[in-house]
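# Secondary and tertiary structure notes
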Amino acid sequence: MINKIKKYNFKPGLPQEFEILDLAQLYQEFTDELTSPHRTEFYQILWFQQGTPSHLVDFNPIKIEPNTLLFVNKNSVQRFDEEADFKGKVVLFTDSFFCKSKADTKFLRSSFLFNDLLSISQINVSESISTFAISFKQLETELNNSKDDYQSDILRSQLQNLLLHSERERRKKDGVELKKDADFDAALLFEQLLDDNFINQKKVSFYCQRMHLTPKKLNRATKRIFGKTPKELIDERVMLASKRLLWHTSESIKEIAFSLGFDEPTNFIKYFKKHTGKTPVVFRAEFATA
């Protein structure tokens, strides 16, 4: 029997697909689910107020310090620390809640916080703790009010403010200011096309044709925004999907190869070894004993 990575949808029956939960209480109630590899169909903003757990997101172990915000994109595979002792809050929301207009969609898609092609967003907010405490308190206060025609819009506005404050903090700490210009728009479109097509389309030429860009212009855009060439980003996306399937499922190498668009399992094995120095079997065995 094939063990799929457990995937969770947003809890049904709420007035809107937005929720704020106590992190320690959530962990206590769903320890087994949270400490097993899983993914969600919604975005998460984890505020670790106390404690120093280790959090795993798509094979990246993240050492958490107190007053850290962690932004987890939907469909990312994550796992909580099995020996955790922490306190905090978690904000959960979906596309359908936030994206009520094209402007909302563009804002969320262009955010540096939820972006699989950039490093996982981890921000220590100790120096501006009052700003984020107020933002979370405003969201909680509004969420506890009686549901009316204004609540969703107010929550969405307050959430957008929280995201804007977070982007400001991240850029301040990274020391890099990325201008949202033509290169940024091209890189963002490439990311969206890549996510939809990487299984069947692994050549840069396909994306250039779809975007009506020359390879030189696309290369310039992705290198400036993501620091990598289009080919490197394609390979990283394929490798991430490969590792997820190898580590979190019991599908055979042959099944994984075909599900990722490879004509022959041997081609997948060569591809995987080229990028990791290990065969898929060795990679799976190492994580099984880790």
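The coordinates are above.
Residues numbered from 1 in each chain as written. Predicted model: local features only at pLDDT ≥ 70, side-chain atom pairs only at ≥ 80, totals over all residues. Heavy atoms only, no water.

To continue, consider helix H4 (residues 102-109). Buried residues of H4: Asp-104, Phe-107 and Leu-108, and no others. Buried residues along H4 cover an arc of 95° about the axis, so they all sit on one side. Across H4 from its buried face, at more than 90 degrees, point the exposed residues Lys-102, Ala-103 and Lys-106. (Buried < 20%, exposed > 50% of the residue type's maximum accessible area, 1.4 Å probe, protein only. Helix = DSSP H or I, 4+ residues; strand = E, 2+ residues; numbered from the N terminus. Arc of directions from axis to C-beta.)

Time to look at the side chain of Gln-158. Looking at the secondary structure, you find Gln-158 in helix H6 (residues 151-174). Sequence-distant contacts of Gln-158, defined by excluding residues within four places in its chain, comprise Gln-138, Leu-139 and Glu-142. (Contact = heavy atoms within 4.5 Å.)

It is possible for side chains of opposite charge to pair when their charged atoms get near one another. Overall, the coordinates contain 14 salt bridges when judged by the stated rule. For Asp-58, the salt bridge goes to Arg-244, with nearest N and O atoms at 2.6 Å. Taken as a pair, Asp-58 in the loop between strand S5 (54-57) and strand S6 (60-63) and Arg-244 in helix H10 (residues 230-248) lie far apart in primary sequence, 186 residues in all. A single burial state applies to Asp-58 and to Arg-244, both of which are buried. Between Arg-171 and Glu-167 there is a salt bridge, and its shortest N-O distance comes to 3.4 Å. With a gap of four residues between them, Arg-171 and Glu-167 both fall in helix H6, about one helical turn apart. With respect to class, Arg-171 is no different from Glu-167; both count as buried. The network of salt bridges with common partners includes Lys-74, Asp-95 and Arg-109. (Salt bridge = Lys/Arg side-chain N within 4 Å of Asp/Glu carboxyl O.)

What follows concerns the nonpolar core. Grouped together as the largest cluster of nonpolar side chains are 37 residues, with contacts concentrated most on Phe-190, Leu-194, Phe-198, Tyr-207, Leu-260, Phe-262 and Phe-268. Elements with a minimum of two residues in this core: helix H7 (182-197), helix H8 (204-211), helix H9 (215-225), H10, helix H11 (253-259) and helix H12 (265-276). Ranked by the residues each element gives to this core, the list is headed by H10, at nine residues. In this structure, Trp-47, Phe-93, Phe-98 and Leu-139 belong to the second largest nonpolar core, which totals 25 residues. (Core = buried A, V, L, I, M, F, W, Y, C linked by side-chain atoms within 4.5 Å.)

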